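Examining the three-dimensional arrangement
Now for the letters of each chain:
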Amino acid sequence: MDAKNYFTLWMGSIHNIPNYTAVGGFLFLGLSPLNVMLALIISAVVVAGFMTVNGVVGSRFGIPFAMHLRSTYGNVGAKLPGFLRGCVAAIAWFGLQNYTGSLALLILIGKIWPGFLELGGDTMILGISIPGLIAFTAFWLLNVAIGFGGGNILNKFTAILTPLIYIVFGGMAIWAFTVAGGMGPILSYDTVGVTRSIHPLFGYLMVINSVLAVWAAPGASVSDFTQNAKSTKQQAVGQTLGLVIGYAIFAIFSVVILIGGSIHYDIQEWNVLNIIDRWDNFPAIILAMAVFLLTTISTNATGNIIPAAYQLTALFPKKINYKKGVLIASIISFVIMPWKLMENADSIFIFLNTIGAVLGPVAGVMLTHYFFVNKQQIDLDKLYMDPTKNNKNNQYHGINRQAYIATIVALLLSLSGQFISSLKMISDISWLVGFAAASIIYLGLQKFSTKTND
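The shown structure was predicted, so the numbers you read here are calculated from the model rather than taken from an experiment.

**A closer look at the environment of valine 23**
Note that valine 23 resides in helix H2 (residues 17-27). Of the residues examined, valine 23 reaches a relative accessible area of 0% and is grouped as buried. Distance from valine 23 to isoleucine 328, taken between C-alpha atoms, is 32 Å for residues 305 residues apart in sequence. Residues contacting valine 23, with those up to four places away along its chain left out, are Val36, Leu40, Phe250, Ser254, Val255 and Leu258.

**Structural notes on the side chain of threonine 72**
On the secondary structure map, threonine 72 appears in helix H5 (residues 65-73). Within the local environment of threonine 72, its side chain forms a polar contact with the backbone oxygen of histidine 68, the two atoms lying 3.2 Å apart. In this view, threonine 72 contacts Val365, Met366, His369, Asn400 and Ala403; residues no more than four positions away in its chain are not counted.

**Topic: the packing of aromatic side chains**
Tallying each qualifying case throughout the model produces 21 aromatic pairs. Here phenylalanine 136 and phenylalanine 334 contribute two aromatic rings whose centre-to-centre distance is 5.0 Å and whose plane-to-plane angle is 65 degrees, an arrangement assigned as edge-to-face. Residue phenylalanine 136 is found in helix H7 (residues 130-149), and its partner phenylalanine 334 is found in helix H16 (residues 322-335); the two are separated by 198 residues along the sequence. In this structure phenylalanine 334 comes out as partly exposed when scored by relative accessible area, which is 21%. Centre to centre, the rings of phenylalanine 169 and phenylalanine 292 are 5.2 Å apart; their planes meet at 70 degrees, and the pair counts as edge-to-face. Placement of phenylalanine 169 in helix H8 (residues 158-180) and of phenylalanine 292 in helix H15 (residues 282-315) is noted, with a sequence separation of 123 residues between them.

**Thoughts on helix H17 (residues 347-373)**
Helix length check: H17 (27 residues) gives 38 Å between terminal C-alpha atoms against 39 Å at 1.5 Å per residue, within 8%. If you look at H17, its biggest bend is around 30 degrees, right at leucine 359, and the proline proline 361 turns up within four residues after that. Taken across its 27 residues, H17 has 22 buried, putting it largely inside the fold. Lysine 375, located one to two residues past H17, shows a positive phi value of around 55 degrees.

**Thoughts on unusual backbone geometry**
For methionine 337, which is not glycine, the phi dihedral falls at a positive 50 degrees. Following the sequence through the fold, methionine 337 ends up in the loop between H16 and H17. Residue classification places methionine 337 among the partly exposed residues on the basis of a relative accessible area of 27%. Positive phi, normally seen in glycine, also occurs at glutamine 376, with a value near 65 degrees. Following the sequence through the fold, glutamine 376 ends up in the loop between H17 and helix H18 (380-383). Residue glutamine 376 is classed as partly exposed on the basis of its relative accessible area of 31%.

**Notes on the side chain of threonine 52**
With respect to the helices and strands, the residue threonine 52 is situated in helix H3 (residues 33-54). Relative accessible area serves as the criterion here: at 9%, threonine 52 is assigned to the buried category. Within the structure, the side chain of threonine 52 is placed 3.1 Å from the backbone oxygen of glycine 49, a separation counted as a polar contact. Every residue in contact with threonine 52, bar those within four places of it in the chain, is listed here: Gln235, Ala236, Gln239 and Thr240.

**So, the nonpolar core**
With 131 residues, the main nonpolar core has Leu40 and Trp215 as its most contacted residues. In terms of residue count, helix H6 (residues 79-112) provides more of this core than any other element does, 15 residues in total. Residue contacts for leucine 40: discarding those within four places in its chain leaves Val23, Phe26, Val207, Val211, Tyr247, Phe250, Ala251 and Ser254. Val56, Phe61, Ile378 and Tyr396 belong to the second largest nonpolar core, which has nine residues in total.

**Section: H2**
With eleven of its eleven residues buried, H2 lies for the most part within the structure. At the N-terminal end of H2, a side-chain oxygen is found 2.8 Å from the backbone nitrogen of asparagine 19, two or three residues along, and the residue is asparagine 16.

**Looking at the environment of isoleucine 130**
With respect to the helices and strands, isoleucine 130 occurs in helix H7. Counting along the chain gives ten residues from isoleucine 130 to glycine 120, while the straight-line C-alpha distance between them is 5.9 Å. In this view, isoleucine 130 contacts Leu119, Gly120, Thr123 and Ile125; residues no more than four positions away in its chain are not counted.

**Topic: the packing of helix H10 (residues 200-214) against H17**
Two numbers describe how H10 lies on H17: the axes approach to 8 Å, and their chain directions differ by 70 degrees. With respect to each other, H10 and H17 are oriented roughly perpendicular. Like other packed secondary-structure pairs, H10 and H17 cross with a definite hand, here left-handed. Where H10 approaches H17, its residues Asn209, Ser210, Ala213 and Val214 are matched on the opposing element by Phe349, Leu352, Asn353, Ile355 and Gly356. Taken together, the residues of the contact of H10 with H17 sort by class into five nonpolar, four polar and no charged.

**Concerning the pattern of salt bridges**
Taken as a whole and judged by the stated rule, the model has two salt bridges. Note that lysine 424 is salt-bridged to aspartate 428, the shortest N-O span being 2.8 Å. Taken together, the residues span about one helical turn, with lysine 424 and aspartate 428 both in helix H20 (residues 424-428) at a distance of four residues. Looking at lysine 424, the relative accessible area reads 36%, which means it is partly exposed.

Cut-offs used in this document
Residues numbered from 1 in each chain as written. Predicted model: local features only at pLDDT ≥ 70, side-chain atom pairs only at ≥ 80, totals over all residues. Heavy atoms only, no water. Helix = DSSP H or I, 4+ residues; strand = E, 2+ residues; numbered from the N terminus. Buried < 20%, exposed > 50% of the residue type's maximum accessible area, 1.4 Å probe, protein only. Contact = heavy atoms within 4.5 Å. Polar contact = N/O pair within 3.5 Å; in protein donor to acceptor, adjacent residues only side chain to side chain. Phe/Tyr/Trp six-rings, centres within 6.5 Å; stacked < 30°, edge-to-face > 60°. Expected span 1.5 Å × (residues − 1). Bend = angle between axes of the 7 residues up to and from the residue. Core = buried A, V, L, I, M, F, W, Y, C linked by side-chain atoms within 4.5 Å. Axes fitted to C-alpha atoms, helices over the stretch in contact; angles between N-to-C directions. Parallel < 35°, antiparallel > 145°, perpendicular 65-115°, else oblique. Left-handed = near helix turned anticlockwise from the far one by under 90°. Nonpolar A, V, L, I, M, F, W, Y, C, P; charged D, E, K, R; others polar. Salt bridge = Lys/Arg side-chain N within 4 Å of Asp/Glu carboxyl O.

Next comes the structure, spelled out in structure tokens:
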């Protein structure tokens, strides 16, 4: 893979329903539209830096995520961070993406068969309407079926889907710009009923943290992609340009669409699907919703359910094969009732902050270990040595206790804001806190261990 391949790798994934929903949440923080745009672009620079730096191991040594974890935590110790990324984060994202995709499917069905939306009346089952539950179950089953097949066929659609995404969302932005009366009304839009009043600088940190949380899973396992790079420079240039340019476009599109639609319909809407649902152009609705469905399916299988299934297989190789892993992960994603994650503009933040708290510490330990502890050196012969051979001289054998302690302590710290109201600010920047805490704790433990050994 060269810079061109990495440039296009993530650009299509930026435009998804949770990302647009998060932008609606940013506006309800009290940030101005211009500040939201700028914060998103700055966030893209930070994410690009994280993705490229954490991808150095893959591009330099040609090793995948699993071996990157082993080089940091040890062959036994790699199971915990692998579980956090491959199971906790992947299953949660799989459920959320299934639900957001089902919302698009529900609108499509409703436009074709209006009576479907009236099924069951006001009856709610576990917090979701009967039509909503049917649409979610149908879309969930479709994604599960693709998970069973491995999702390889979806890769063929990438070349067509990515430009289609920009054509559709570009058209939506032009429409919103026109009906709003230009950029002036959009940039001067004042959000009514702001959910929180925060300092703009902390608002920027919250946006950066949320965007990092969106990319926390692929960022942690980015070696799976960079292991195929022609060089570190190629992946660094490609990923940086792709993410920054992609997010710059997304920043403009998302704010213009959400605010332009809100101005046009005289509402205050944070869910892009609700804006599309109000259109009176049936073919445009079909096209926009179809793109949302395709992007959800194409990214959900390869980015969420497949990694989850493989991780469950790795954890329980004697009891779980790949297809059983898909089934187990899928059932869990249903049971967690992901529709609860998008009940209002704040719900998406709770989800993103939790993902950030889970994976921020893992990222902190991985980067700190490679750059400051191992001094950018990995012994591939020892790394690939049979882990069943109890070789005490192999630094990749067993558990890296310092890395484990740093990860767990930082994880508990970054999650503390979810349970202790006085620590709410920590929850708002959970990825940043977890990353920094894990890095500092791990370095401290390493220095203490060195002094003790001396």
